[in-house]
Amino acid sequence: MSASLPLALVHHSLDDLVRRRLRKWPQRPPGALETSKQRGTWMRARPGEADTTAYPFLKLPGSNRLRTVPDGLWLHFSHDPTDAYADILCIEACSTLQNLLDKRSRFAPSTTSLLAVCPVTWLTAPVQTGDKLPRWKQIKLLREAPTQPLVLPVRDVRVLYGLKSRQYDGFARHQMPQPHEYFCPMDALIDEQGASNPAMQALISRASGAANFMLLP
């Protein structure tokens, strides 16, 4: 990437490249554990196949304007319609330390509940072009085709931040992450085969509530 480009354009180009790579990742996050803690359905919510279609986003209760739209967002939907919730895995590409601080603040522990909002058009569309089954039937939380967005409380939050090499090295040496935070070099996110990277899969396998237990019943 040319150093002569304006800084804002460089950051935009990097974010766009990360999103293009994440579109190649599967519906289930690579390396995500299959455990009794998460027996529902995983789906990739962002990035979508096109930038013009409504895709899920995060927000706080009562807020209709301020939305959190991660570069990558995977939703794990609970398997029980009587106890509906979502777990989220977010991926954020941070081109500067200021950008990192801003994005970390959005996922800081809070006394308010974060909500995952799934638009109707996203729910009624298939996961992939050519599929006949709409998303809402695969999620299994809805008994009929939705006419309103599906709004779910977020039970568990895990965030993976991608940092440029120099910033990643400095953060790894001198900072301590929060329990819900994970970090990787930006190169791992822009790698065309990033989802197949054993180190990435191992990192995401640790980004799970099951990883906090010695044994699961």
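Residues numbered from 1 in each chain as written. Predicted model: local features only at pLDDT ≥ 70, side-chain atom pairs only at ≥ 80, totals over all residues. Heavy atoms only, no water.

If you tally the helices and strands in the chain, you get seven helices and eight strands. When the backbone C-alpha atoms are referred to their principal axes, the chain occupies close to 55 × 45 × 35 Å. Looking at the chain as a whole, 46% of its 217 residues are labelled buried. Considering only contacts in the chain between residues 6 or more positions apart, those separated by 24 or more positions represent 66%. Split by element, the accessible area of the chain, about 12000 Å² in all, is 53% carbon and sulfur. The distance from the centre of the 27 positive side-chain charges to the centre of the 19 negative ones in the chain is 2 Å. (Helix = DSSP H or I, 4+ residues; strand = E, 2+ residues; numbered from the N terminus. Buried < 20%, exposed > 50% of the residue type's maximum accessible area, 1.4 Å probe, protein only. Contact = heavy atoms within 4.5 Å. Areas by Shrake-Rupley, 256 points an atom, 1.4 Å probe, with all protein chains shown as cover. Lys, Arg positive; Asp, Glu negative; His and termini not counted. Charge placed at Lys NZ, Arg CZ, Asp CG, Glu CD.)

Here the structure, examined in full by the defined rule, presents one cavity of 30 Å³ or more. Within this model, the largest cavity holds a volume of roughly 90 Å³. Around the largest cavity sit 13 residues that line it, and Gln-38, Trp-42, Leu-89, Ala-207 and Ser-208 are the ones nearest its centre. Of all elements in the fold, only β5 (86-94) and β7 (150-163) reach the threshold of two or more residues within the lining of the largest cavity. At three residues, the largest contribution of residues to the lining of the largest cavity is made by β5. (1 Å grid on protein atoms, 1.4 Å probe; cavity = no way out; pocket = protein on both sides within 12 Å on 5 of 7 lines; lining within 4 Å. Points joined across faces, edges and corners; volume = space filled by probe spheres on them.)

Let's shift gears to the pairing of strand β6 (residues 115-118). In β6, alternate side chains face the same way, and those of Leu-115 and Val-117 on one face and Ala-116 and Cys-118 on the other are all buried. Where strand β2 (residues 57-59) meets β6, three bridges bridge the pair, whose relative direction is antiparallel. The partner of Leu-58 across the bridge, within β6, is Ala-116. For β6 and β7, the ladder comprises four bridges, and the chain directions are antiparallel. Bridging across to β7, Cys-118 finds its partner in Leu-150. (Pairing = 2+ DSSP bridges.)

Worth remembering: the numbers are spatial, not functional.
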